[in-house]
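Structural features, examined
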Amino acid sequence: MTLTVRSGLPPLSADEAAHARRVAAALHAAIAAAGGWLSFEAFMELVLYAPGLGYYSAGSHKLGAGGDFVTAPEMSALFGRCVARACQPLLAEGGEVLELGAGSGALAATLLEEWHALGTLPERYSILEVSAELAARQRARLGTLPGPLRERVTWLERLPDRPLAGVILANEVADALPCRRLRVQGDGLAELGVVAEGEGVAPASAAPARPLTAAWTALRNSLPVLPEGYTTEVCLRLRPWLQSLAAVLGRGALLLFDYGLPRAHYYHPQRREGTLRCHFRQRAHEDPYVNLGLQDITAWVDFSAAAEAGAAAGLEVAGYCTQTAFLLGSGIESLIAQAADGAQRARLAGEGRRLLMPEEMGEAFKALALTRDPPAELPGFGLQDLRHQL
Ligand SMILES: C[S@@+](CC[C@H](N)C(=O)[O-])C[C@H]1O[C@@H](n2cnc3c(N)ncnc32)[C@H](O)[C@@H]1O
């Protein structure tokens, strides 16, 4: 069926094809309700998050070796152990942690174990997760931790309405926020979205809506001339999302880890096709209109926009560097050297290479620290300072 199959991608099972058809039917209804055309942002929202249908809201396995993609905390506990060490000074006098979008719970488990070993367990570890299915996986995973660790974990329905002193963390969450897509056309702009086509959907452009034109006009002033047909993404949700997190941070740090770039690199004239990527059974590809509700869709993060949003909310842009620099600055080499024996050292060295090598995760992923009146410096940002690029 053309709706679900794309050459080069693994075929869908009968159940998966039936699920994709249900998602397509929901999309057709949404497109009709919107007058025949749906923005890419609304399309991405539905295929990722619609209750019972979206990739994150339905039963896809998603993260890990048996799923569609592997994140840094899934790949190796070294990532979480480094984050724990980087955050330790902020938790030395007590404090709490809030993690957004905790996936399988791998990062939370590693952090709690490492802080326990270091004697700096936070008073509370809260998780705000939009996917009920992933929240259930997190409960099962974190339920296996020893009582004193497990008892600190709570799940929130919404952001707390009291200020938090400590750390707010989000690994690979900003790239999952639904984004707008646009194409440079003549002197102006076309907004990309979808229309119904056969049993599925097809890309189609329309005149851009007001929030996108306003954001693009502001952006264009700082960009070189972009060629005709240049296609890219703008995440209008990034700023309000970060501002809502900043409003919660009474004292401490908001740490973002994600693949992304400063604005001048993100909107470089040679990046003609933008940054949108889909993940299906460990294969990355660039077609969001197949495997509806069955594949992840992400767009890289404009870290200049993230830093500006933080600064506008009164936070200090305290650090920005590659994942490699962050992990080295947080002691990954000594963690590998402390391995119990040669076999463990070889395994950790292999995991470390995947986290650190530029052609793997090391350069594409960045770490951004936004702070408010932090009680201490963040050690993970001492090796490299790329804030001048933002
Ligand atoms: C790519 S996964 C990353 C999971 C995990 N942080 C990791 O690194 O393995 C994205 C996660 O963010 C969650 N998510 C997406 N939008 C969110 C939002 N606005 N607030 C909280 N969680 C969100 C998803 O349900 C999922 O758990």
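Scroll up a little and you will see the structure.
Okay, so let's go over this structure. Note that the structure is predicted; figures quoted are calculated from it, not measured. (Residues numbered from 1 in each chain as written. Predicted model: local features only at pLDDT ≥ 70, side-chain atom pairs only at ≥ 80, totals over all residues.)

1. Re the packing of helix H9 (residues 238-248) against helix H11 (residues 303-312)
Where we set the bar: To obtain each axis, a line is fitted to C-alpha atoms, and for helices this fit is confined to the stretch in contact; angles are then taken between N-to-C directions over 0 to 180 degrees. Counting from the N terminus, the helices are the DSSP runs of H or I reaching at least four residues and the strands are the DSSP runs of E reaching at least two. Oblique is the label for every angle not falling under 35 degrees (roughly parallel), over 145 degrees (roughly antiparallel), or within 65 to 115 degrees (roughly perpendicular). Each crossing gets its hand from how the near helix is turned against the far one by less than a right angle, where anticlockwise is left-handed and clockwise is right-handed. Contact between two residues is assigned when their C-beta atoms, built from the backbone, lie within 7 Å. Amino acid classes used here: Ala, Val, Leu, Ile, Met, Phe, Trp, Tyr, Cys and Pro are nonpolar; Asp, Glu, Lys and Arg are charged; the rest, including Gly, are polar.
Contact geometry of H9 with H11 gives a least axis separation of 9 Å together with a crossing angle of 40°. Here H11 runs oblique to H9, going by the angle between their axes. As for how H9 packs across H11, the hand of that crossing is right-handed. Counting all contacts with H9, which are made through Leu238, Arg239, Leu242, Gln243 and Ala246, the residues of H11 involved are Ala305, Ala306, Ala309 and Gly310. Its residues assigned to classes, the contact of H9 with H11 shows six nonpolar, two polar and one charged.

2. Comments concerning the site of the ligand
Applied cut-off: Being near a molecule or strand means, for a residue, that its C-beta atom, positioned from the backbone, comes within 6 Å of it.
If you check the shell around the ligand, you find 20 residues, and the closest are Thr71, Gly101, Gly103, Ser131 and Asn171. Of all the secondary structure elements, the ones that give two or more residues to the shell around the ligand are helix H3 (72-75) and helix H5 (106-118). The residue makeup of the shell around the ligand, split by class, is twelve nonpolar, five polar and three charged.

3. Section: the sheet that holds strand E13 (residues 296-298)
This is how the line gets drawn: Here a strand pair is declared whenever DSSP counts at least two bridges between the two strands.
Sheet architecture is open: three strands sit in the order E12-E11-E13, paired in antiparallel fashion. The sheet is open, and its two borders are formed by strand E12 (283-285) and E13, each paired with just one other strand. Averaged over all neighbouring strand pairs, the angle between strand axes comes to 25°, with direction disregarded. Where strand E11 (residues 277-280) meets E13, three bridges bridge the pair, whose relative direction is antiparallel. Each bridged residue has a counterpart across the sheet, and for Arg277 the counterpart in E13 is Thr298.

4. A look at the nonpolar core
Heads up, the rule is: To define a nonpolar core, we join buried Ala, Val, Leu, Ile, Met, Phe, Trp, Tyr and Cys residues through C-beta atoms within 7 Å and take the resulting set. Each residue is classified by how many other C-beta atoms fall within 10 Å of its C-beta atom, where C-beta atoms are placed from the backbone; a count of 20 or more means buried, 12 or fewer means exposed, and values in between mean partly exposed. Domain delimitation follows an automatic or database domain assignment.
Of all hydrophobic cores here, the largest spans 106 residues; its most connected members are Val47, Ala108, Leu254, Leu255, Ala306 and Leu368. Looking at this core element by element, the count peaks at ten residues for helix H4 (residues 77-91). Shared between two domains, this core takes at least three residues from each, and those domains are domain 1 (14-66 + 179-237 + 270-298) and domain 2 (72-176 + 244-265 + 300-389). Once residues lying within four places of it in the same chain are set aside, the contact partners of Leu255 are Val167, Leu169, Ala367 and Ala369.

5. Regarding the pairing of strand E7 (residues 188-197)
Strand direction decides the pairing type here: strand E1 (residues 38-39) and E7, joined by two bridges, are antiparallel. Residue pairing in the sheet places Leu38 in a bridge with Val194 of E7. Note: strand E6 (residues 180-185) against E7, five bridges, orientation antiparallel. Following the sheet pairing, Val184 is matched in E7 by Leu189. Strand direction decides the pairing type here: E7 and strand E8 (residues 200-206), joined by seven bridges, are antiparallel. Bridging from a neighbouring strand, Gly193 pairs with Ala204 of E8. Between E7 and E8, which pair antiparallel in sequence order, lie two residues; one of them, Gly198, sits at a positive phi of approximately 55°.

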